Amino acid sequence: MTTFASGTTASNSKDGLTRDALTVLQPGFTGTTAPDWLLRRLGEGLASVGLFGRNIASPEQLAALTAQLRVERDDVLVAIDEEGGDVTRLEVRTGSSFPGNHALGAVDDVSLTEDVARELGRRLAACGVNLNWAPSADVNSNPSNPVIGVRSFGADTDLVARHTAAYVTGLQAAGVAACTKHFPGHGDTAVDSHHALPRIDADLSVLQSRELVPFRAAIAAGSRAVMSAHILVPALDPDRPATLSRRILTGLLREELGYDGLIVTDGMEMQAISATYGIERGSVLAIAAGADAICVGGGLADDDTVRRLRDALVSAVRAGELPEERLADAANRVRALAEWTAAASAISGTATATSGATAGTGAGATPAAPRAVVTGGSATAPEAHHRNGLNGSNASNATSGSNGTGGSNASNGSGGSLGTSGSNGTGGAVDVGLVAARRALTVTRSASYTPLTGAPFVAALTPVANIAVGDETPWGVAAELARLLPGTETGSFTGEDAGSSALAAAGSRPVVAVVRDEHRHPWMAAALDSLLAARPDSVVVEMGVPQSAPRGALHIATHGAARVCGQAAAEVIAGE
């Protein structure tokens, strides 16, 4: 085992310059065990490893993988892109146990957000992950944004700021460093930086009062890392994207906002950088601009990539294009974060072990989260409310506020403390993620609607997933409805004939139409038009940003497509 936390050189390491160049890289790899080349690079000075869905089969396997890495380097930073909600790596094959930011913003209970982040952090820490590339602090001010959407807490600046701070606090309380992203704000874009370079033309006053406010809140909350965005913001720098801009990373983030933690780039193989600068030159420019760690490995995940980036950094220093002291400073910030994670893990480990000892058992177990209250009566127009864990006696409060609860347990909607118990959904306990998903629902129904009692046909109107979300994670309500209403069947439909195809497949069965960002996809809106024209009694579940007006006999906005969001919606559909 070799350890470089103090910056000393082990006998099998290369010179300090090469070691520093390796230290600032955060590469990925393929497979569920560490390849020999990665272990060798850890021995030479590599200090961080990025994990993706392809690296994870189970919590036990992930724990074994991170232990394997720490045999070679015990202070290694193990990073992951685990936002919960639509963007999950820990549960890439099943869907997340935690709703994403947009659902948490819909509830607007900062205590709940902190609880969710703490429990997510606890699960990551238990698997040996100590750096999470989350949360997203982007204000989703552009409803047509193709890559942020439900990854944002919302379109309200102050709401995003307070929930970003709560998320950072909760995650880091579990001993996992937060990496707040995407600085200086990716919410007002209509282009996905995975494919091209987005441009934000807001003036400086708008940026200061909107985009930067959540990042100020994250810094005040102690976010240990901040991730840069591959976006061009002419009001801040007309020439270079934020990741490569000294004006933005050093002048704005470091000097004006006073941030002193680790600055991580977004994935350098994304087309916004790789197609315009190339990953080698882009990495040199990023470090020179003030970035401390180069994220790469979502698409390029091999030893050759690590070697190319290492050599590019070393060559840039030797050619006078990158000051050696800037590279050394970046490497030292990486090592400082590794030291923080080790100390934080030691502190939080006792609390985790203590709280987890009785999780989900005995008299102290968290009670089950209350189900939705859907008001009935003689209403002639649809009635909308958030599903916020109300019991029957509080049904009259269903429209009284953002969380619809007036009792002492409004912060968690469950009558018990959540997020630190380690509950696993057994023995009468319910995970904080499911509590949050239930509370996040907005339900709009016609007066004549009654819950389904027979097996429906679920028509999933399926858009192309963006790269951040990926297409390997299941979404929707069909699996959960099949559990509650055996015999439920489903089909996926896309394109101009999606509506007619779904109707033909459904036959005479009740229809549940599931959409994702209906407002961004004209074909999806047209398909829903034809479905509802033929079957006005259909249920509609919107699992993206609910910009379109509610319609259908029952409309449920889940504010995200996590597995627990689907479960919460299915409960309402089936009258659970």
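As a reminder, the structure under discussion sits directly above these lines.
Definitions and limits used
- Residue indices begin from 1 for each chain and proceed along its sequence in written order.
- Reporting in this predicted model follows two pLDDT cut-offs: at least 70 for local features of residues, and 80 or more for side-chain atom pairs to be given and counted; totals over whole chains, interfaces and linings ignore these cut-offs and use all residues.
- The side-chain numbers reported here are obtained from all heavy atoms of the structure, hydrogens and water having been left aside.
- The helix and strand labels rest on DSSP assignments: H or I over at least four residues marks a helix, E over at least two residues marks a strand, and numbering proceeds from the N terminus.
- For every residue, the accessible area (1.4 Å probe, protein chains only) is compared with the maximum for its type, and the residue is labelled buried under 20%, exposed over 50%, or partly exposed between those bounds.
- Contact criterion: two residues are considered in contact whenever any of their non-hydrogen atoms come within 4.5 Å of each other.
- In this description, accessible areas are obtained by the Shrake-Rupley approach with a 1.4 Å probe, and a residue is regarded as covered only by the protein chains that are shown.
- Note on terminology: disulfide denotes any pair of cysteine sulfur atoms within 2.5 Å.
- Any pair of nitrogen or oxygen atoms within 3.5 Å is treated as a polar contact; in protein, a donor-acceptor pairing is required on top of that, and neighbouring residues in sequence qualify only through side-chain atoms on both sides.
- The axes used here are C-alpha line fits, helices contributing only the stretch in contact, and every angle between their N-to-C directions lies in the interval 0 to 180 degrees.
- The cut-offs work like this: below 35 degrees is roughly parallel, past 145 is roughly antiparallel, 65 to 115 is roughly perpendicular, and the gaps in between are oblique.
- Left-handed describes a crossing in which the near helix is turned anticlockwise from the far one by less than a right angle; the clockwise case is right-handed.
- By the convention adopted, Pro, Cys, Tyr, Trp, Phe, Met, Ile, Leu, Val and Ala count as nonpolar, Lys, Arg, Asp and Glu as charged, and the other residues, Gly among them, as polar.
- Put simply, buried Ala, Val, Leu, Ile, Met, Phe, Trp, Tyr and Cys residues joined by side-chain atoms within 4.5 Å make one nonpolar core.
- Strand pairing requires that DSSP identify at least two bridges connecting the strands.
- Whether a crossover is right-handed depends on one test, that the path from the first strand over the helix to the second runs clockwise when the strands point away from the viewer.
- Working definition: rings of Phe, Tyr and Trp (its six-membered ring) pair if their centres are within 6.5 Å, and the pair is stacked with planes under 30 degrees apart, edge-to-face with planes over 60 apart, and tilted otherwise.
- Note on criteria: charge over ring means Lys NZ or Arg CZ within 6 Å of the ring centre, with the direction from the centre no more than 35 degrees off the ring normal.
- Here, a salt bridge means any side-chain nitrogen of Lys or Arg that lies within 4 Å of a carboxyl oxygen of Asp or Glu.

A. Seen up close, the overall build of the protein chain. Assigned secondary structure in the protein chain consists of 17 helices and 15 strands. Taken over 576 residues, the protein chain has a buried fraction of 61%. Restricting the contact set of the protein chain to residue pairs at least 6 apart, pairs at least 24 apart contribute 76%. For the protein chain, the exposed area adds up to about 19,700 Å²; of that, 52% sits on carbon and sulfur atoms.

B. Geometry of the state of the cysteines. With the rule as written, the count across this model stands at zero disulfides. Of the cysteine sulfurs around Cys-179, a residue in no disulfide, the closest is that of Cys-295, at 8.5 Å.

C. Representation of the side chain of Ser-223. Note that Ser-223 resides in the loop between helix H7 (204–220) and strand E6 (225–228). Classification of Ser-223 as buried rests on a relative accessible area of 4%. Polar side-chain contacts of Ser-223 include one of 2.8 Å to the backbone oxygen of Ala-225. Setting aside residues up to four positions removed in sequence, Ser-223 forms contacts with Val-168, Gln-172, Ala-178, Cys-179, Thr-180, Ala-218 and Tyr-259.

D. Main features of the packing of helix H15 (residues 498–506) against helix H16 (residues 522–534). Between H15 and H16, whose axes approach to 7 Å, the crossing angle comes to 40 degrees. By the angle between their axes, H15 is oblique relative to H16. Considering only the axes of H15 and H16, their crossing is right-handed. Of H16, the residues touching H15 (which contributes Ala-498, Gly-499, Ser-500, Ala-502 and Leu-503) are Trp-523, Ala-527, Ser-530, Leu-531 and Ala-534. In the contact of H15 with H16, the residues fall into seven nonpolar, three polar and no charged.

E. View of the nonpolar core. Counting 110 residues, the largest nonpolar core has Leu-25, Leu-51, Leu-69, Trp-133, Phe-183 and Val-264 as its most contacted members. The element contributing the most residues to this core is helix H12 (residues 324–356), with eight residues. Beyond its immediate stretch of four places on either side in the chain, Leu-25 contacts Leu-46, Ser-48, Ile-294, Val-306, Leu-309, Arg-310 and Leu-313. Counting 30 residues, the second largest nonpolar core, distinct from the first, contains Tyr-449, Leu-485, Val-512 and Ala-562.

F. Region of interest: the pairing of strand E5 (residues 177–183). Extensive coverage of E5 is indicated by the burial of seven of its seven residues. Two strands pair when backbone bridges link them, and strand E4 (residues 131–132) and E5 are joined in this way by two bridges, in the parallel orientation. By the bridge assignment, Leu-131 is partnered in E5 with Ala-177. Each parallel crossover has a hand, and the one from E4 via helix H6 (residues 157–173) to E5 is right-handed.

G. Quick peek at the packing of aromatic side chains. For the coordinates displayed, the defined rule picks out four aromatic pairs. Centre to centre, the rings of Phe-183 and Phe-215 are 5.1 Å apart; their planes meet at 90 degrees, and the pair counts as edge-to-face. Taken as a pair, Phe-183 in strand E5 and Phe-215 in helix H7 lie far apart in primary sequence, 32 residues in all. A relative accessible area of 0% means that Phe-183 is categorised as buried. Residue classification places Phe-215 among the buried positions, given a relative accessible area of 1%. Both rings, one in Phe-457 and one in Phe-493, keep their centres 6.2 Å apart while their planes meet at 55 degrees; by these two values the pair is tilted. Of this pair, Phe-457 sits in strand E11 (residues 457–461) while Phe-493 sits in strand E12 (residues 489–493), and the two are 36 residues apart along the sequence. The ring of Trp-475 has Arg-516 sitting right over it, with the charged end atom 4.7 Å from the ring centre.

H. Representation of the sheet that holds E4 in the model. The strand order E2-E3-E4-E5-E6-E7 describes an open sheet built from six strands, whose pairing is parallel. On the outer flanks of this sheet lie strand E2 (48–51) and strand E7 (262–264), each paired with one strand and no other. Relative to E6, E5 runs parallel, the two being bridged by three bridges. Counted as the bridge partner of Thr-180 is Val-226 from E6. Contacting E4 and E5, H6 runs over the sheet at an angle of about 150 degrees to E5.

I. Structural view of the pattern of salt bridges. Under the defined criterion, the tally for this structure stands at 40 salt bridges. The partner of Arg-162 in a salt bridge is Asp-108, with the nearest N and O atoms 2.9 Å apart. One end of the pair, Arg-162, is in helix H6; the other, Asp-108, is in the loop between helix H4 (101–107) and helix H5 (110–126), with 54 residues separating them in the sequence. You can call Asp-108 partly exposed: its relative accessible area is 22%. The shortest N-O distance in the salt bridge between Arg-310 and Asp-311 comes to 2.8 Å. Relative accessible area serves as the criterion here: at 8%, Arg-310 is assigned to the buried category. Connected through salt bridges with shared partners, the residues Arg-254, Asp-260, Asp-292, Arg-326, Asp-329 and Arg-333 form a single ionic network.

Remember that the coordinates give geometry; whether it matters functionally is a separate question.
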